[in-house]
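Listed below are the residues making up each chain.
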Amino acid sequence: MKLTPADLLLDFTASSVVSAATAASYLDGEVDLPFPPFVAAAFIVATFALISLSGLKESARLAFVVLSLHGVTMLILSIFAAIQWGQIGNEQLRQNWHLGSTASPSFILRQLFYGFCLGMLGLTGIECTPSCIGRIKPGHFPLVLRNLHLPAIVLNTVMSVLLIAVVPLPVLLDGANVLSVLAQCAGEWLRRLVVADAIIVLCGGVLIGILGVCELLKKLAHDRVVPEIFLHPMPVTGAPYVCVLFFMLCNVVMYGSSGGSLTVVSNMFSLVWLTVMVLFPVTLLQLRFNRGRLPRDTRTPLSTILLSLVVSAVVFAGNVVIEPSTVGYFAAYLIAVLSVFWGTQHQVQLLGIVYWVYDQYPTLHRWDASKTWGKWLVRLMARLKRQPICILVKTDEINHLLHMILYVRENEETSCIKMVHFCGEEEDGKGIPSELEANAKILDEAFPEITIDLIIVQDTFTPANVASLARRLQIPTGLMFVSCPGPRSRYPVAEFGTRVISL
């Protein structure tokens, strides 16, 4: 699905822009900046881009320090706010309740629904977990999701109650640094601590966005979804400078096209995040119906999948109702990114169109500056088409092999397919299906535009052997296609790193 990397790219970019813009807004609300807030936001993004170019990578220790500082700050704020609540009693709570209950019941219900839709955004961050799934111990991913959800739910609930009980409702509706206003109950020192903590956490969000985009683009480059130039490292630091520069460009385009408006970018980010959340239940549905044989440790009940899909759709619709104009920004960004990914995956087709246009103008064939363009385009298309794809086959059933060949022809731009069969450790070829070689020749003749090479590996089908084969053939494991393993498979499919393309 091209939507997944496109949406993740938008999510990381929007997260970084919103974090930087919000940090600049916090600063602007506490001190008189000598320049507009969007300049401070641009400076924050540029600073962390330079830090990324210096070679900084993900650090669990740094994340733990930031998390500890944030946890301690919120605990201190909660304690002093609770003390303030105890001193003033419930008078402020009653006033806020009276001010909020003067409207009609329908208005109150509508505001509660809007609050629910906006409150769901407090769970942002869980969309980053798939990028680090390989470093999570087997069976611990549900625990990671639980540990991300519970603190966010508890903290948001506690802070919401304390704010309503201590801070006047007009100040809350103003929406400017409400936590720093709450911290004022303990004095200026706590207010400064809360602002500093907010800025540090938000700057961490900028850094996470940069690192997330770099990991995403490097993975896509390894799988040839985007050009391999994204893998080029800096000579000294080894940082993927092309990824960082591309990320900076995305930030400039997104923030500049919104007119430097934090409101527009925040609302757009909410739609991007909700779209990513919709992909989780959609993916589970596809796995259930298209890959039912795929072995897995746990199975999510169908009722839970459908409920999460409905809730995500309702919350998405609610955020659209709150700010309908944001849909235009979201659709424009999504279409633009999808177009880029489509172009990178159809380079040969686009080059063919360019060559056709070039061929329509004979004058270009005579000019010294352009007469070699045709040969250059042909060589480039031939080089791209020669990049091999590997399919790992177990059976010699020609209908099954045909299905895999058709998938490759429709989804990958290649004229070279390596058909590989692991036949075990028997040197006499006892494990080779009897019709495999003949059927491979039939398919090779049936697809004259594709060269199909049959490779027999005298070894067992294990993750280590597949990785060794990938290095030998110089084909990424993400471009090695297999059929869906059954329940009796000795190894989880994730250990192979291959792509499952058929039942």
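Residues numbered from 1 in each chain as written. Predicted model: local features only at pLDDT ≥ 70, side-chain atom pairs only at ≥ 80, totals over all residues. Heavy atoms only, no water.

- An unreviewed UniProt entry lists the protein under the name AAAP amino acid permease, from Roridomyces roridus.
- In UniProt, the protein has this text filed under Subcellular location (unreviewed entry): "Cell membrane". (UniProt positions renumbered as here; feature names shortened; annotations may be inferred.)

## So, the overall build of the protein
Here comes step 1: A count of helical and extended segments in the protein gives 19 helices and five strands.
Here comes step 2: With the principal axes as the frame, the protein shows a C-alpha extent of 85 × 65 × 50 Å.
Here comes step 3: When each of the 503 residues of the protein is scored for burial, the buried share is 38%.
Here comes step 4: Of the contacts formed within the protein by residues at least 6 apart in sequence, a portion of 73% connects residues at least 24 apart.
Here comes step 5: When the accessible surface of the protein is split by element, carbon and sulfur atoms take 65% of a total near 27600 Å².
Here comes step 6: On the protein, the mean spot of the 35 positive side-chain charges and the mean spot of the 35 negative ones are 2 Å from each other. (Helix = DSSP H or I, 4+ residues; strand = E, 2+ residues; numbered from the N terminus. Buried < 20%, exposed > 50% of the residue type's maximum accessible area, 1.4 Å probe, protein only. Contact = heavy atoms within 4.5 Å. Areas by Shrake-Rupley, 256 points an atom, 1.4 Å probe, with all protein chains shown as cover. Lys, Arg positive; Asp, Glu negative; His and termini not counted. Charge placed at Lys NZ, Arg CZ, Asp CG, Glu CD.)

## Regarding the packing of aromatic side chains
Here comes step 1: The tally for this structure, following the rule as stated, stands at 10 aromatic pairs.
Here comes step 2: Residues F461 and F496 carry aromatic rings whose centres are separated by 4.6 Å and whose planes lie at 15° to one another, so their mutual orientation is stacked. Of the two residues, F461 is situated in the loop between β3 (451–457) and α19 (463–473) and F496 in the loop between β4 (480–483) and β5 (499–502); the sequence distance between them amounts to 35 residues.
Here comes step 3: What makes F461 partly exposed here is its relative accessible area of 35%.
Here comes step 4: A relative accessible area of 8% means that F496 is categorised as buried. (Phe/Tyr/Trp six-rings, centres within 6.5 Å; stacked < 30°, edge-to-face > 60°.)

## Here we look at the UniProt feature "transmembrane region" (unreviewed entry) in the protein
Here comes step 1: Under the present numbering, the feature "transmembrane region" (unreviewed entry) in UniProt falls on residues 33–51, 63–88, 150–173, 193–217, 238–256, 268–289, 301–321 and 327–344.
Here comes step 2: The distance separating the terminal C-alpha atoms of residues 193–217 is 36 Å; by composition the span is 100% helix and 0% strand.
Here comes step 3: Taken end to end, residues 238–256 comprises 84% helix and 0% strand; its first and last C-alpha atoms sit 30 Å apart.

## Some thoughts on the packing of helix α17 (residues 398–411) against helix α18 (residues 436–446)
Here comes step 1: Contact geometry of α17 with α18 gives a least axis separation of 10 Å together with a crossing angle of 40°. In terms of their interaxial angle, α17 and α18 are classed as oblique. Classified by chirality, the crossing of α18 by α17 is right-handed. Here I398, L401, L402 and I405 of α17 lie close against α18, whose contacting residues are L436, N439, I442 and L443. (Axes fitted to C-alpha atoms, helices over the stretch in contact; angles between N-to-C directions. Parallel < 35°, antiparallel > 145°, perpendicular 65-115°, else oblique. Left-handed = near helix turned anticlockwise from the far one by under 90°.)

## Focus on helix α10 (residues 241–257)
Here comes step 1: The first and last C-alpha atoms of α10 sit 24 Å apart over 17 residues, in line with the 24 Å expected at 1.5 Å per residue.
Here comes step 2: Those residues of α10 that fall on the buried side of the exposure criterion are V242, C243, V244, F247, C250, N251, M254 and Y255.
Here comes step 3: Positive phi appears at G259, one or two residues downstream of α10, with a value of about 70°. (Expected span 1.5 Å × (residues − 1).)

## Some details on the side chain of N251
Here comes step 1: On the secondary structure map, N251 appears in helix α10.
Here comes step 2: Among the residues examined, N251 registers a relative accessible area of 5% and is labelled buried.
Here comes step 3: The contacts of N251, once residues within four sequence positions are left out, are T13, S16, V17, V45 and G256.

## Some remarks on the packing of helix α5 (residues 105–119) against helix α12 (residues 302–322)
Here comes step 1: Relative orientation of the contacting elements α5 and α12 amounts to 110°, with a least axis distance of 9 Å. Overall, the two elements α5 and α12 adopt an arrangement that is roughly perpendicular. Crossing of α5 against α12: the hand is left-handed. On α12, the residues touching F113, Y114, F116, C117 and L118 of α5 are V311, V314, V315, G318, N319, V321 and I322.
Here comes step 2: Grouping the constituent residues of the contact of α5 with α12 by class yields 10 nonpolar, two polar and no charged. (Nonpolar A, V, L, I, M, F, W, Y, C, P; charged D, E, K, R; others polar.)

## Overview of a nonpolar patch on the surface
Here comes step 1: Taken together, the side chains of W342, L350, I353, W356, V357 and Y361 present a nonpolar region at the surface, about 620 Å² in accessible area.
Here comes step 2: At four residues, helix α14 (residues 347–359) tops the list of elements feeding residues into the nonpolar patch.
Here comes step 3: Along the chain, W356 falls in helix α14. (Patch = residues over 30% accessible without salt bridge, like charges linked within 9 Å, V, L, I, M, F, W, Y side chains within 5 Å. Salt bridge = Lys/Arg side-chain N within 4 Å of Asp/Glu carboxyl O.)

## Side note on unusual backbone geometry
A negative phi holds for most residues other than glycine; trans holds for most peptide bonds.
Here comes step 1: The backbone of Q474 shows a phi angle near 55°, a positive value even though the residue is not glycine.
Here comes step 2: By the secondary structure assignment, Q474 is in the loop between α19 and β4.
Here comes step 3: Here Q474 falls in the exposed class, since its relative accessible area comes to 65%.

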